[in-house]
Amino acid sequence: QVQLVESGGGLVQPGGSLRLSCAASGFTISTYGASWHRQGPGLERELVASISGAGTSTTYADSVRGRFTIFRDNVANMVYLEMTSLKPEDSSVYYCKIFKLGEYYWGKGTLVTVSS
């Protein structure tokens, strides 16, 4: 069955770094766009970064541009989000999404907490 599983979240101090991973199973993701989203308590889910199937095109939210990097390993069927210079306002549950043939697939999320 189709599954997306995020990992890599945790507690980190402001200014620290973290790498989030999204492992896809049940299908190959190489031709499909992928993205990372985040949602804090009581807030709307927002797009953080996206990447094309081949990994040649990326987009970022203004709030994370220059600090976060989205990349993928299509052989490993993985999508990553490298986060640096983390701020308390980055604290959220982060979700991986794949758009496949007109249908979206979501992971269950991984929690990132940025705090001193």
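Above this note sits the structure.
Before going into details, it helps to say that this report is about the structure given with it. Owing to the predicted nature of the structure, the values given are computational and were not obtained by experimental measurement. (Residues numbered from 1 in each chain as written. Predicted model: local features only at pLDDT ≥ 70, side-chain atom pairs only at ≥ 80, totals over all residues. Heavy atoms only, no water.)

**Section: the environment of M83**
Heads up, the condition is: Note on conventions: DSSP H or I runs of at least 4 residues are helices, E runs of at least 2 residues are strands, and numbering of each starts at the N terminus.
Take M83: it is sitting in strand 8 (residues 78-83). Each C-alpha atom, one on M83 and one on Y105, is 22 Å from the other, the two residues being 22 residues apart in sequence.

**Here's the deal with the pairing of strand 5 (residues 46-51)**
Defined as follows: The pairing criterion is simple: DSSP has to find at least two bridges between the two strands.
The pairing of strand 4 (residues 33-39) with strand 5 spans five bridges and is classified as antiparallel. Pairing of S35 across the sheet is with S50, part of strand 5. The turn joining strand 4 and strand 5, which pair antiparallel and follow one another in sequence, is formed by six residues; a positive phi near 70° is taken by G42. Bridge count for strand 5 against strand 6 (residues 58-60) is three bridges, and the pairing is antiparallel. Note that in strand 6 the partner of A49 across the bridge is Y60. In sequence, strand 5 turns back onto strand 6 through a hairpin of six residues, with G55 there showing a positive phi of about 80°.

**Quick notes on the packing of aromatic side chains**
Convention followed: Two rings belonging to Phe, Tyr or Trp (six-membered ring only in the last case) form a pair when the distance between their centres is within 6.5 Å. Interplanar angles under 30 degrees mark stacking, angles over 60 mark edge-to-face geometry, and anything in between is tilted. Here the term buried applies to any residue with accessible area under 20% of the maximum for its type, exposed to any over 50%, and partly exposed to those in between, with areas from a 1.4 Å probe on protein chains only.
A full pass over the atoms with the stated rule returns five aromatic pairs. A ring pair is formed by F27 and Y32, whose centres lie 6.2 Å apart and whose planes are at 45°; its orientation type is tilted. A relative accessible area of 15% places Y32 in the buried class. Ring geometry for F27 versus Y105: centroids 5.7 Å apart, planes at 35°, classification tilted. In this pair, F27 sits in the loop between strand 3 (18-25) and strand 4 while Y105 sits in strand 10 (residues 103-106), placing the two residues 78 residues apart along the sequence. Among the residues examined, F27 registers a relative accessible area of 9% and is labelled buried.

**Notes on the environment of Y32**
Here is the rule: Contact definition: two residues touch when any of their heavy atoms are within 4.5 Å.
Within the element layout of this structure, Y32 appears in the loop between strand 3 and strand 4. The sequence separation of Y32 and E44 amounts to twelve residues, and the corresponding C-alpha distance is 24 Å. If we ignore the near neighbours within four places in the chain, the residues touching Y32 are F27, S52, G53, R72, I98, F99, K100 and L101.

**Topic: the environment of S91**
Selection rule: Here a polar contact is recorded for every N or O atom pair within 3.5 Å, except that within protein the pair must consist of a potential hydrogen donor and a potential acceptor, and residues adjacent in sequence are included only if both atoms are side-chain atoms.
Mapped onto the elements, S91 comes out in the loop between strand 8 and strand 9 (92-100). Looking at S91, the relative accessible area reads 25%, which means it is partly exposed. Separated by 51 residues in the primary sequence, S91 and G40 place their C-alpha atoms 7.0 Å from one another. Excluding residues that lie within four positions of it along the chain, S91 makes contacts with V112, T113 and V114. From its side chain, S91 meets the backbone oxygen of P88 in a polar contact 2.9 Å long.

**A word on the state of the cysteines**
Where we set the bar: Our working definition of a disulfide is a cysteine sulfur pair at a distance within 2.5 Å.
Tallied over the full model, the rule gives one disulfide. Between the sulfur atoms of C22 and its disulfide partner C96 the distance amounts to 2.1 Å. Disulfide C22-C96: torsion about the S-S bond near -80°, hence left-handed. Taken together, the residues C22 in strand 3 and C96 in strand 9 connect sequence positions 74 residues apart.

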